[in-house]
Amino acid sequence: MGLTASVLAIDAGNSKTDVAVVAADGKVLATARGDGFRPPAVGVTAAVDALADTVTRAYTAAGVGSAVHVSACLANADLPVEEEELAAALHARAWGASVDVRNDTFAILRAGVAEPRGVAVVCGAGINCVGMRPDGRTARFPALGRLSGDWGGGWGLAEEAIWHAARAEDGRGGPTALTDALPSHFGLPSMYALIEALHLEHIAPARRHELTPVLFRSAEGGDAVARTIVDRLAQEVVSMATVALTRLDLLEEETPVLLGGGVLTAGHGQLDDGVRELLAARAPKAVASVVRERPVLGAALLGLDRLGANAAAQRKVRTYFASDE
């Protein structure tokens, strides 16, 4: 175990962790997958402990004991102070001589661009946006939900749908197909029954996210309330992207805008059309596309960027993950 790799790439999301061990020439020596990374729920020490098994398996498969650099893109690293705390915890593990920690949205961005230049908006359970330039400048948002001014994400969309449906049923709001569609998803007869079941946790709180696809189906069916919610999400996505482009002085340059996360990659026609139409109006030089590459590729490329790897090395690691999909 005396050999040393060039980059230990870590992409740790809420639901799963992917690790890749990469040589200086871009060859992927080994990969491993583990459980989710949730420091808010279990604490930083326990969360990093959970990473250790995955890293150890990857290092063992690669036949190495450490790396020159650890490039970690981690969920819940939303503030610089959190990145610093997590970087210190990873550095203490001695997995590499140097450590960079970034929010996991940066991995999605870097995976989708040929150079570290562009903006990414990710909409999954929550919503986030980051941007970067090759000179190291970045743009980002705290992405802490309503506390930091965010709106959207699968969780937020589900809550918005419930709010409108509840008001429609009791007469405070206008009619919407969501009033029947949401409780029907759980086999319940009314919004009152759904509200009761959620409040008493007869339905697990985590299952609320199941209502987001119901919202989109209602929008596709022509429901005006559901369509209004989807339109608002498109506005939020473009607002975040436009602000990031402006902060990085990229609004007047042809710049990639990457869309990632389960909501933005699901192929919802109304949402996709809305994002592209609004982006064309507010940032006409932006080039929107959906990111389908594995985020751990982005973490690996960020690590190679840090070490000054050449284009051939970057192509090699990208080719590996393209063939691995």
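All residue numbers refer to position in the chain's written sequence, counted from 1. Per-residue local features are limited, in this predicted model, to residues with pLDDT of at least 70; the limit for side-chain atom pairs, both in listing and counting, is 80 or more; totals at the level of whole chains, interfaces and linings are taken over all residues. Side-chain figures throughout are based on the complete set of non-hydrogen atoms in the structure, without hydrogens or water.

Engineer: When you look at the packing of helix 5 (residues 153-170) against helix 9 (residues 224-247) in this model, what are you seeing that I'm missing?
Structural biologist: Each pair of packed helices gets described by two things: the angle between the helix axes and the distance between those axes. Angular values range over 0 to 180 degrees, each being the angle between N-to-C directions of two axes fitted as lines to C-alpha atoms, with helices fitted over their stretch in contact. Counting from the N terminus, the helices are the DSSP runs of H or I reaching at least four residues and the strands are the DSSP runs of E reaching at least two. One can describe the packing of helix 5 onto helix 9 by two numbers: an axis separation of 11 Å at closest approach and a directional angle of 150 degrees. Taken together, the axis directions place helix 5 and helix 9 in an arrangement best described as roughly antiparallel. The chirality of how helix 5 crosses helix 9 is right-handed. Facing helix 5, whose interface residues are Gly-153, Leu-157, Glu-160, Ala-161 and His-164, helix 9 presents Val-225, Ile-229, Arg-232 and Leu-233. Three residue categories are used. Nonpolar comprises Ala, Val, Leu, Ile, Met, Phe, Trp, Tyr, Cys and Pro, charged comprises Asp, Glu, Lys and Arg, and polar comprises the others, including Gly. Among the residues making up the contact of helix 5 with helix 9, the classes are represented as five nonpolar, two polar and two charged. With respect to orientation, any angle under 35 degrees is reported as roughly parallel, any angle over 145 as roughly antiparallel, any angle of 65 to 115 as roughly perpendicular, and every other angle as oblique. By convention the crossing between two helices is left-handed if the near helix lies anticlockwise of the far one by an angle smaller than a right angle, and right-handed if it lies clockwise. Here, residues are in contact when the closest pair of their heavy atoms is within 4.5 Å.

Engineer: Explanation requested: the packing of helix 8 (residues 211-220) against helix 9 in the structure shown.
Structural biologist: Helix 9 packs onto helix 8 with a crossing angle of 110 degrees between their chain directions and a minimal axis gap of 8 Å. When the axes of helix 8 and helix 9 are compared, the pair comes out roughly perpendicular. As for how helix 8 packs across helix 9, the hand of that crossing is left-handed. On the side of helix 8, the interface is formed by Leu-215, Phe-216, Ser-218 and Ala-219, while helix 9 contributes Ala-226, Arg-227, Ile-229, Val-230 and Leu-233.

Engineer: How should I be thinking about the nonpolar core in this particular structure?
Structural biologist: Nonpolar side chains tend to gather and get buried jointly when the protein is soluble and globular. Throughout this description, the term nonpolar core refers to a set of buried Ala, Val, Leu, Ile, Met, Phe, Trp, Tyr and Cys residues connected via side-chain atoms within 4.5 Å. Any residue under 20% of the maximum accessible area for its type is buried, any over 50% is exposed, and the rest in between are partly exposed; the area is computed with a 1.4 Å probe on protein chains only. One finds Leu-178, Leu-182, Leu-233 and Leu-271 to be the most contacted residues of the largest nonpolar core, which totals 50 residues. Sort the elements by how many residues they give to this core and helix 9 lands first, with 12 residues. Beyond its immediate stretch of four places on either side in the chain, Leu-233 contacts Cys-123, Ile-127, Trp-151, Gly-152, Gly-153, Leu-157, Phe-216, Val-263 and Leu-271. Counting residues in each nonpolar core, the second largest holds 31 residues, with Val-19, Ala-62, Ala-72 and Ala-89 among its members.

Engineer: What should I look at first to understand the pattern of salt bridges in this one?
Structural biologist: Working definition: two side chains of opposite charge can pair if their charged atoms are close together. Any Lys or Arg side-chain nitrogen found within 4 Å of a carboxyl oxygen on Asp or Glu counts as a salt bridge. Inspection of every chain in the model, using the stated rule, returns 15 salt bridges. Close ionic contact of Asp-305 with Arg-110 constitutes a salt bridge, the shortest N to O distance being 2.8 Å. In this pair, Asp-305 sits in helix 11 (residues 295-306) while Arg-110 sits in helix 4 (residues 105-111), placing the two residues 195 residues apart along the sequence. Here the salt bridges do not stand alone but share partners, grouping Lys-16, Asp-18, Arg-33 and Arg-294 into one network.

Engineer: What exactly am I supposed to notice about the pairing of strand 5 (residues 96-103) here?
Structural biologist: The side chains of a regular strand alternate between the sheet's two faces. Pairing between two strands is assigned when DSSP locates at least 2 bridges connecting them. By the bridge criterion, seven bridges tie strand 4 (residues 66-74) to strand 5 in an arrangement that is parallel. Paired with Ala-67 across the two strands is Gly-96, which belongs to strand 5. A crossover gets the label right-handed when its path from the first strand over the helix to the second runs clockwise, viewed with the strands pointing away from the viewer. Each parallel crossover has a hand, and for strand 4 linked through helix 3 (residues 80-92) to strand 5 it is right-handed.

Engineer: What is the right way to look at the packing of aromatic side chains in this model?
Structural biologist: The geometry of an aromatic ring pair comes down to the distance between the two centres and the angle between the two planes. Put simply, two rings from Phe, Tyr or Trp (the six-membered ring, in Trp's case) pair if the centres are within 6.5 Å, and we call them stacked under 30 degrees between planes, edge-to-face over 60, tilted for the rest. Scanning the model with the defined rule gives one aromatic pair in all. When the centroid spacing of 5.1 Å and the interplanar angle of 90 degrees are considered together, the rings of Tyr-320 and Phe-321 count as edge-to-face. Owing to a relative accessible area of 1%, Phe-321 belongs among the buried residues under this scheme. Counted as over-ring charges are cases with an Arg CZ or a Lys NZ within 6 Å of the ring centre that also lie within 35 degrees of the ring normal. A cation sits over an aromatic face here: Arg-247 above Phe-141, 4.7 Å from the ring centre.

Engineer: Got a minute to help me understand the sheet that holds strand 8 (residues 138-140) in this structure?
Structural biologist: Working definition: the strands of a sheet are paired by backbone hydrogen bonds and lie parallel or antiparallel to each other. Strand order across the open sheet formed by five strands is 8-7-6-9-10, with mixed pairing between neighbours. Two strands lie at the open edges of the sheet, namely strand 8 and strand 10 (286-290), each paired on one side alone. Within the sheet, the average angular offset between the axes of one strand and its neighbour, ignoring direction, is 15 degrees. As judged from the three bridges shared by strand 7 (residues 127-132) and strand 8, these two strands associate in the antiparallel manner. Its bridge partner lying in strand 8, Gly-131 is registered against Ala-139.

Engineer: Sorry if this is basic, but what is going on with the side chain of Thr-17 here?
Structural biologist: Checked against the element boundaries, Thr-17 lands in strand 2 (residues 16-22). Looking at Thr-17, its side chain comes within polar contact range of the main-chain oxygen of Asp-35, at 2.7 Å. In this view, Thr-17 contacts Ile-10, Asp-11, Ala-12, Ala-32, Arg-33, Gly-34, Asp-35, Gly-36, Phe-37, Leu-51 and Thr-54; residues no more than four positions away in its chain are not counted. Counting of polar contacts relies on pairs of N or O atoms within 3.5 Å, with two restrictions inside protein: one atom must be capable of donating a hydrogen and the other of accepting it, and residues adjacent in sequence are counted only when both atoms are side-chain atoms.

Engineer: What's the story with unusual backbone geometry in this structure? I'm lost.
Structural biologist: Outside of glycine, negative phi angles account for most residues, and trans bonds account for most peptide bonds. Within the chain, Ala-143 stands out as a residue other than glycine whose phi angle is a positive 55 degrees. Since its relative accessible area comes to 15%, Ala-143 is described here as buried. Residue Glu-201 is not a glycine yet carries a positive backbone phi of 60 degrees. When you line up the elements, Glu-201 lands in the loop between helix 7 (191-199) and helix 8.

Engineer: How should I be thinking about the sheet that holds strand 1 (residues 4-12) in this particular structure?
Structural biologist: Taken together, the five strands give an open sheet; going across it, the order is 3-2-1-4-5, and neighbouring strands pair in mixed fashion. With partners counted over all chains shown, the strands left at the sheet margins are strand 3 (28-35) and strand 5, one partner each. Here the strands of the sheet are splayed against their neighbours by 15 degrees on average, with no regard to which way each runs. Across the sheet, helix 2 (residues 44-62) lies against strand 1, strand 2, strand 3 and strand 4, angled at about 155 degrees from strand 3, the strand it touches most. Strands strand 4 and strand 5 of the sheet are contacted by helix 3, whose axis makes an angle of about 150 degrees with strand 5.

Engineer: What is the right way to read the state of the cysteines from this model?
Structural biologist: Structurally, a disulfide amounts to a covalent bond that connects the sulfur atoms of two cysteines. The disulfide definition used here is simple: a pair of cysteine sulfur atoms within 2.5 Å. Counted under the stated rule, the structure contains zero disulfides. As a non-bridged cysteine, Cys-123 has Cys-129 as the owner of its nearest cysteine sulfur, 12 Å distant. On the accessibility criterion, Cys-123 (0% relative accessible area) is buried. By relative accessible area, which is 0% here, Cys-129 ends up buried.

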